[in-house]
Amino acid sequence: MKNKSINMLIISFLVISAFAVMLIIFVGMAKRDFSENIKVRQDGLTEGVIPVRDLRLNPSESKEYSVDMVCAASGTFAFELSYVEKTNGGLKQFVNVTITVGDEVVYQGSLKDLIDNGLKVTFKGELQAKEPLVLTFRYEMPREIGNEAQGTYSDFDVHVKVEKSD
């Protein structure tokens, strides 16, 4: 009887340990999806790359990522976002993208247009010293998409160019 209790205790401990390891791995992978911020130079051109790897969505599902644009000085800056595909896993034709700056929508359209047609998203934004300007990228698959999107994914980079505006 004592051996059974010890065996059950050991098995319970192993199961809890396995869940803890899985949780740590999941949280670590979630943090690697997007870089947290891009530091903008006060003068000249700032360029950065935001890698998006293994984006997978189901119908009516969305993923949202935020990037803080920070600068030591205040001013108006011109932004240019362009998408470069790394791997065509078939997902881009099923995904809608909404890019917002604060509360303002600067792009709403398909991921396919951004990648295949080379559309560049351009806008101007005010950076305040020590207060980030938040860019939010929302990738969403509409509910009406069927089985044709099953097993698709996308790998791409978002190239960010920021330059001080006059």
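To start, this report covers the structure provided alongside it. (Residues numbered from 1 in each chain as written. Predicted model: local features only at pLDDT ≥ 70, side-chain atom pairs only at ≥ 80, totals over all residues. Heavy atoms only, no water.)

**Details of the packing of aromatic side chains**
Right, on to step 1. All chains considered together, the criterion is met by four aromatic pairs.
Right, on to step 2. Their ring planes at 5 degrees and their centres at 4.9 Å tell us that Phe79 and Phe123 sit as a pair that is stacked. Linking Phe79 in strand S4 (residues 75-89) with Phe123 in strand S7 (residues 120-127), this pair joins segments that are 44 residues apart in sequence.
Right, on to step 3. For Phe123, a relative accessible area of 10% gives the class buried.
Right, on to step 4. Pairing Tyr83 with Phe156 gives two aromatic rings, centres 5.4 Å apart and planes at 35 degrees, and the pair type is tilted. Of this pair, Tyr83 sits in strand S4 while Phe156 sits in strand S9 (residues 153-164), and the two are 73 residues apart along the sequence.
Right, on to step 5. Site record: aromatic cluster; members linked through ring pairs are Tyr65, Tyr83, Tyr139 and Phe156.
Right, on to step 6. Positioned over the ring face of Phe77 is Lys164, at 5.1 Å from the centre of the ring. (Phe/Tyr/Trp six-rings, centres within 6.5 Å; stacked < 30°, edge-to-face > 60°. Helix = DSSP H or I, 4+ residues; strand = E, 2+ residues; numbered from the N terminus. Buried < 20%, exposed > 50% of the residue type's maximum accessible area, 1.4 Å probe, protein only. Lys NZ or Arg CZ within 6 Å of the ring centre and 35° of its normal.)

**Observations regarding the pattern of salt bridges**
Right, on to step 1. Within this structure, the stated rule accounts for nine salt bridges.
Right, on to step 2. Measuring nitrogen to oxygen at the nearest pair gives 2.7 Å for the salt bridge that ties Asp116 to Lys92. Remark: Lys92 occurs in the loop between S4 and strand S5 (96-101) and Asp116 occurs in helix H2 (residues 111-116); sequence separation between them is 24 residues.
Right, on to step 3. Look at Asp116 and you get partly exposed, because its relative accessible area is 38%.
Right, on to step 4. The shortest N-O distance in the salt bridge between Arg138 and Glu140 comes to 3.9 Å.
Right, on to step 5. Relative accessible area serves as the criterion here: at 29%, Arg138 is assigned to the partly exposed category.
Right, on to step 6. Here Glu140 falls in the partly exposed class, since its relative accessible area comes to 32%.
Right, on to step 7. It is possible to trace a salt-bridge network through shared partners that takes in Glu85, Lys92, Lys112 and Asp116. (Salt bridge = Lys/Arg side-chain N within 4 Å of Asp/Glu carboxyl O.)

**Remarks on a nonpolar patch on the surface**
Right, on to step 1. Taken together, the side chains of Ile6, Ile10, Phe13 and Leu14 present a nonpolar region at the surface, about 410 Å² in accessible area.
Right, on to step 2. Note on placement: Phe13 falls in helix H1 (residues 2-31). (Patch = residues over 30% accessible without salt bridge, like charges linked within 9 Å, V, L, I, M, F, W, Y side chains within 5 Å. Areas by Shrake-Rupley, 256 points an atom, 1.4 Å probe, with all protein chains shown as cover.)

**Comments concerning the side chain of Ser154**
Right, on to step 1. Mapped onto the fold, Ser154 is located in strand S9.
Right, on to step 2. Ser154 has contacts with Val52, Arg53, Asp54, Leu55, Thr87, Leu91, Leu111 and Ile115, leaving out every residue within four places of it along the chain. (Contact = heavy atoms within 4.5 Å.)

**Considering the nonpolar core**
Right, on to step 1. Residues Met69, Leu81, Tyr83, Phe137, Tyr139, Phe156 and Val158 are the most contacted members of the largest nonpolar core, which totals 37 residues.
Right, on to step 2. For this core, the secondary structure elements donating two or more residues are strand S2 (45-55), strand S3 (62-71), S4, S5, H2, S7, strand S8 (133-140) and S9.
Right, on to step 3. Among all residues touching Val158, those that are not within four sequence positions of it are Gly48, Val49, Ile50, Leu81, Ser82, Tyr83, Phe137 and Tyr139. (Core = buried A, V, L, I, M, F, W, Y, C linked by side-chain atoms within 4.5 Å.)

Don't take any of this as a statement about function, it's just geometry.
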